[in-house]
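# Reading the structure
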Amino acid sequence: MRKLPITLFLIICGILAATPVWAVETGGKVELNYLGSWDEDGTYADQWTDSLDLELYLSPQGKTELSYAFRVGSPLQDLLASKEATYFTKKLYLKHRFGHFHLTVGRQPVSWSFGSMLNPVDYTMGAEVLEKEHERKFTDAVEAYIPLNWNSGLALVVSFPTGFAWETEKLKWGIRGRFGFKGYDLTANYVQEAVTDSHGYGSGAHGIIGLSPLPRQRVGLTFKGDLGPIGVYGAFGHYFGEEQEQYNSYLLGIDYSYNIDYYSKLTMQLEYLGLEGSNLTPLLGPLLMMSSGKERTHLLTGNLAYPIDDFSSVALTAIANLDGSKYIVTPKYQNTLPGNIDLDLSLLFYLSDSEPNTTSFVVDLSYPF
């Protein structure tokens, strides 16, 4: 966890001291997770983890609001040989709504999602994958948002991948415009990564240490709208920098909902993602295993979801590398048990012609409060 700079801490303390007492409410989630997996030779491994997500809900003071949320989790004994519980600050920011723009300063979630299952043009790669957020979504940043009208706006972000420092090369920054046009939601963005170590752009380009760096600059375009009864969306990314090589990414998806009866409907989503250049594989985030390691990666991802009733649902997600080398199939079941306890059950079948095939299952119990 990176520490908040003294200047920001003093600003927050000054505002708190100059305003009435903040009314505080708390909410969050307690989670217990069991992961078991075995490969084709019969080797079995399992792991228990538990965590507490807690957020303080502070009543706004005029046009100013303060947000604080954190996660405390099990010791990462397998990864860090540590016996201490982990702590991660998800939010610790101050937001003020000025007359013509909103300013947010501190640890905050930054993600430019647009409804896709995989996002090749996000501010931080792999921040959200298959509707699940990851820790690299939360970053120390200063964001200014300028609303233009009800469906258009401009966001400017400056973040600090290496800790708070104002040297130009250590700053990551981006700008994103969102606009509505004839029923379509259109966005355009530009991101410049920070230089994070002496060897290049390091983990700052995608938040994953040890992987090949992304080009330092990128532009991204997205669209989303309806084509008759079918929702359509897509994205194009262009990645470039000081080096001569340049890369592109392409995404095209559709989604559709079918009403089975008055109370329930089947939702379907299918998308194609194409990546040029092995340096773009970090875009896959936690799905890095699906990379072919070749100059081009083509993935087809599909999802089916059906609510059984008001308390339970089933879903099926499948991902295929179109060169025929790797597949993931994940059926899921969710249910809300008595006492407001959420039960999530999932299986993951990973099939590969170059790596051991594995099967994993996850049992997740959580209690939101």
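Residues numbered from 1 in each chain as written. Predicted model: local features only at pLDDT ≥ 70, side-chain atom pairs only at ≥ 80, totals over all residues. Heavy atoms only, no water.

## Structural notes on the overall build of the protein
Summing up its helical and strand segments, the protein has 2 helices and 20 strands in all. In the protein, which comprises 369 residues, the proportion classed as buried is 39%. In the protein, the share of contacts with a sequence separation of at least 24, taken over all contacts with a separation of at least 6, comes to 49%. Just so you have it, the protein exposes about 20100 Å², and 60% of that area is on carbon and sulfur atoms. (Helix = DSSP H or I, 4+ residues; strand = E, 2+ residues; numbered from the N terminus. Buried < 20%, exposed > 50% of the residue type's maximum accessible area, 1.4 Å probe, protein only. Contact = heavy atoms within 4.5 Å. Areas by Shrake-Rupley, 256 points an atom, 1.4 Å probe, with all protein chains shown as cover.)

## Some remarks on the layout of surface pockets
Counted as a void, the second largest pocket has a volume near 550 Å³. If you trace the second largest pocket, you find 24 residues lining it, with Ser111, Glu143, Tyr145, Ala155 and Arg176 closest to the centre. Mapped onto the lining of the second largest pocket, the elements with two or more residues apiece are β4 (86–97), β5 (102–109), β8 (138–149), β9 (152–159), β10 (172–181), β11 (184–192) and β12 (217–227). It is β5 that contributes the most residues to the lining of the second largest pocket, 4 residues altogether. Among the residues making up the lining of the second largest pocket, the classes are represented as 9 nonpolar, 8 polar and 7 charged. (1 Å grid on protein atoms, 1.4 Å probe; cavity = no way out; pocket = protein on both sides within 12 Å on 5 of 7 lines; lining within 4 Å. Points joined across faces, edges and corners; volume = space filled by probe spheres on them. Nonpolar A, V, L, I, M, F, W, Y, C, P; charged D, E, K, R; others polar.)

## Details of the packing of aromatic side chains
The final tally for this structure, using the stated rule, is 13 aromatic pairs. Look at Tyr34 and Phe361: their rings are 5.8 Å apart centre to centre, the planes differ by 50°, and that puts the pair in the tilted class. Taken together, the residues span a long stretch of sequence, with Tyr34 in strand β1 (residues 24–39) and Phe361 in strand β20 (residues 358–368) at a distance of 327 residues. Residue Tyr34 is classed as buried on the basis of its relative accessible area, which comes to 14%. (Phe/Tyr/Trp six-rings, centres within 6.5 Å; stacked < 30°, edge-to-face > 60°.)

## Observations concerning the pairing of β10
Bridge count for β9 against β10 is 7 bridges, and the pairing is antiparallel. Note on β10: the bridge partner recorded for Val158 is Trp173. The hairpin turn running from β10 into β11, its antiparallel successor, is 2 residues long, and Lys182 in that turn takes a positive phi close to 50°. (Pairing = 2+ DSSP bridges.)

## Notes on the pairing of β20
Looking along a regular strand, one sees the side chains alternate between the two faces of the sheet. Pairing of β1 with β20, which is carried by 11 bridges, proceeds in the antiparallel orientation. The residue bridging Leu35 from the neighbouring strand is Val362, located in β20. Pairing between strand β19 (residues 341–352) and β20: 9 bridges, direction antiparallel. Bridged to Phe349 within β20 is Thr359.

## Description of the nonpolar core
In a soluble, globular protein the nonpolar side chains are often hidden away together inside. Within the largest apolar cluster, 23 residues are counted, with the highest numbers of intra-cluster contacts made by Tyr239, Leu280, Leu283 and Leu287. Examining the composition of this core, we find that 3 residues originate from one element, strand β13 (residues 230–240), more than from any other. Leave out the neighbours within four places in its chain, and Leu287 touches Leu118, Val129, Leu130, Ile319 and Ile328. Counting residues in each nonpolar core, the second largest holds 6 residues, with Val110, Tyr123, Ala141 and Val191 among its members. (Core = buried A, V, L, I, M, F, W, Y, C linked by side-chain atoms within 4.5 Å.)

## Digging into the pattern of salt bridges
Counted by the stated rule, this structure contains 13 salt bridges. With its nearest N and O atoms 3.8 Å apart, the salt bridge here joins Arg97 to Glu65. A residue pair is termed long-range when its members are at least 10 positions apart, and Arg97 in strand β4 and Glu65 in strand β3 (residues 64–73) qualify at 32 residues. A relative accessible area of 34% places Arg97 in the partly exposed class. Note on Glu65: relative accessible area 23%, which makes it partly exposed. One salt bridge in this structure joins Lys137 and Glu133, with 3.1 Å as the shortest N-O distance. Judged by relative accessible area, Lys137 falls into the buried class, the value being 11%. Look at Glu133 and you get partly exposed, because its relative accessible area is 36%. Connected through salt bridges with shared partners, the residues Asp53, Arg71, Lys90, Glu128, Glu133 and Lys137 form a single ionic network. (Salt bridge = Lys/Arg side-chain N within 4 Å of Asp/Glu carboxyl O.)

## Section: the side chain of Lys137
Among the secondary structure elements, Lys137 is positioned in the loop between β7 (132–133) and β8. Within the local environment of Lys137, its side chain forms a polar contact with the side chain of Glu133, the two groups lying 3.1 Å apart. Setting aside chain neighbours within four positions, we find Lys137 in contact with Gln108, Pro109, Val110, Ser111, Ala127 and Glu128. (Polar contact = N/O pair within 3.5 Å; in protein donor to acceptor, adjacent residues only side chain to side chain.)

## Notes on a nonpolar patch on the surface
Taken together, Ile230, Ile254, Tyr256, Tyr258, Ile260, Leu270, Leu300 and Leu322 make up a surface patch of nonpolar side chains, about 680 Å² in accessible area. Of the residues forming the nonpolar patch, the biggest block, 3 residues, is contributed by strand β14 (residues 247–259). (Patch = residues over 30% accessible without salt bridge, like charges linked within 9 Å, V, L, I, M, F, W, Y side chains within 5 Å.)

## Points about unusual backbone geometry
Its identity is not glycine, yet Lys182 carries a phi of approximately 50°, on the positive side. Mapped onto the secondary structure, Lys182 falls in the loop between β10 and β11. Judged by relative accessible area, which is 74%, Lys182 ranks as exposed.

## Some details on the confidence of the model for the protein
Averaged over every residue, the pLDDT of the protein is 86; the share at 70 or more is 85%. Below pLDDT 50 for its whole length, residues 1–6 participates in 16 contacts with residues either more than four positions away or in separate chains. When the criterion is pLDDT under 50, residues 198–207 qualifies, and its contacts beyond four places in sequence or with other chains add up to 30 contacts. (pLDDT = per-residue confidence, 0-100.)

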